[in-house]
Amino acid sequence: MTDSKPSTGGVPVPVTPAGATSGAPAEFPPAAPAGRGMFGNQGTGDVSGFGGLVRPQHTVEDSPRPYGGYFDEVRDALEEAYPAFGEAVEHVVVDRGELTLHIRPERIAEVCQVMRDDPALRFELCSSVSGVDYLGADVRRLHVVYQLTSMTYRRRVRLEAAVSVEEPHLPSVTAVYPTADWQERETYDMFGVVFDGHPALTRILMPDDWEGHPQRKDYPLGGVPVEYKGAEIPPPDKRRSYQ
């Protein structure tokens, strides 16, 4: 907006505020360095507040034993039931009262099969499959997270597998957990992770001819202009700069 002040004749005339620039960037902003900002915002005049966000980066390290609760029992049961445990499990992490098993990508379906079928585990339900993009923090930046629930023992565990943008392939777990069908499609749609063996891996939220994957951190910050009482509010990356 522009300010105004009375002229000599008492008629307000527009005055450009000091320090403001007119117009918006003509192109999409570059991706922000990992750990600062969000949605690729960097020096664009984005007034949403995401540009000032600072995210701490954490390295994945194995948690010391004993883990506490039922976590030791789950780890021991999987290690006993799955001979390839040492090759398949990269890390076992307990954080904020939750157990996460980091699994090698090519082994994820095998591990899910054991987690479901072994009598000492019985994780019968996969309640969620979702994606995370750790741009700049991990060479294998695309992580897929599986939330498993044992209704028999009332336990929860998280499996996590990481792939690179260059090789974004994971075995589908739909043969083990049919509930993963649409969830894998959404993760493919938003993050570009390809689930090999999925019965019908197509987009589920975006149109079939959409280019790119909107929830990747280097995807351009876009938006749809909003019209309110005759005033058009552009998306954040198209607003003018305020200094």
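Residues numbered from 1 in each chain as written. Predicted model: local features only at pLDDT ≥ 70, side-chain atom pairs only at ≥ 80, totals over all residues. Heavy atoms only, no water.

## Some words on the overall build of the protein
Link 1 in the chain: Scanning the protein for helices and strands turns up four helices and 11 strands.
Link 2 in the chain: Of all 243 residues assigned to the protein, the portion counted as buried reaches 37%.
Link 3 in the chain: Nonlocal contacts in the protein, meaning residues at least 24 apart in sequence, comprise 50% of its contacts between residues at least 6 apart.
Link 4 in the chain: Accessible surface, the protein as shown: approximately 14,100 Å² in total, 54% of it carbon and sulfur. (Helix = DSSP H or I, 4+ residues; strand = E, 2+ residues; numbered from the N terminus. Buried < 20%, exposed > 50% of the residue type's maximum accessible area, 1.4 Å probe, protein only. Contact = heavy atoms within 4.5 Å. Areas by Shrake-Rupley, 256 points an atom, 1.4 Å probe, with all protein chains shown as cover.)

## A look at the pairing of strand S3 (residues 89–95)
Link 1 in the chain: Where S3 meets strand S4 (residues 98–103), six bridges bridge the pair, whose relative direction is antiparallel. Across the sheet, Val89 pairs through a bridge with Ile103, a residue of S4.
Link 2 in the chain: Between S3 and S4, which pair antiparallel and follow one another directly, the connecting turn spans two residues, one of which, Arg96, has a positive phi of 55°. (Pairing = 2+ DSSP bridges.)

## Thoughts on the sheet that holds S3
Link 1 in the chain: Taken in spatial order, the five strands make up an open sheet running S3-S4-S7-S6-S5, and their pairing is mixed. Strands at the two margins of the open sheet, each flanked by one partner only, are S3 and strand S5 (125–133). Each strand axis lies, on average, 20° off the axis of its neighbour in the sheet, ignoring direction.
Link 2 in the chain: Taken together, the eight bridges between S5 and strand S6 (residues 142–150) define a ladder with antiparallel strand orientation. Bridge pairing links Ser130 to Val145 in S6.
Link 3 in the chain: Of the strands in this sheet, S4, S6 and strand S7 (155–163) touch helix H3 (residues 108–117), which is tilted by about 170° from S7.
Link 4 in the chain: Where helix H4 (residues 180–191) meets the sheet, it contacts S5 and S6, and its direction lies at approximately 5° from that of S5. (Axes fitted to C-alpha atoms, helices over the stretch in contact; angles between N-to-C directions.)

## Some thoughts on the packing of helix H1 (residues 71–81) against H3
The description of two helices packed together rests on the angle between their axes and the distance between the axes.
Link 1 in the chain: Across the interface, H1 lies against H3 with an axial gap of 10 Å and an inter-helix angle of 110°. With respect to H3, the element H1 is oriented roughly perpendicular. Once H1 is placed against H3, the crossing between them reads as right-handed. Taking contact as the criterion, the partners of Val74, Leu78 and Ala81 in H1 are, on H3, Val111, Val114 and Met115.
Link 2 in the chain: Looking at the contact of H1 with H3 residue by residue, the classes come out as six nonpolar, no polar and no charged. (Parallel < 35°, antiparallel > 145°, perpendicular 65-115°, else oblique. Left-handed = near helix turned anticlockwise from the far one by under 90°. Nonpolar A, V, L, I, M, F, W, Y, C, P; charged D, E, K, R; others polar.)

## Some thoughts on the pairing of S6
Link 1 in the chain: Judged by how many residues are buried, S6 sits mostly within the fold: eight of nine residues are covered.
Link 2 in the chain: The loop that links S6 with its antiparallel partner S7 comprises four residues; one of these, Arg154, has a positive phi angle of about 55°.

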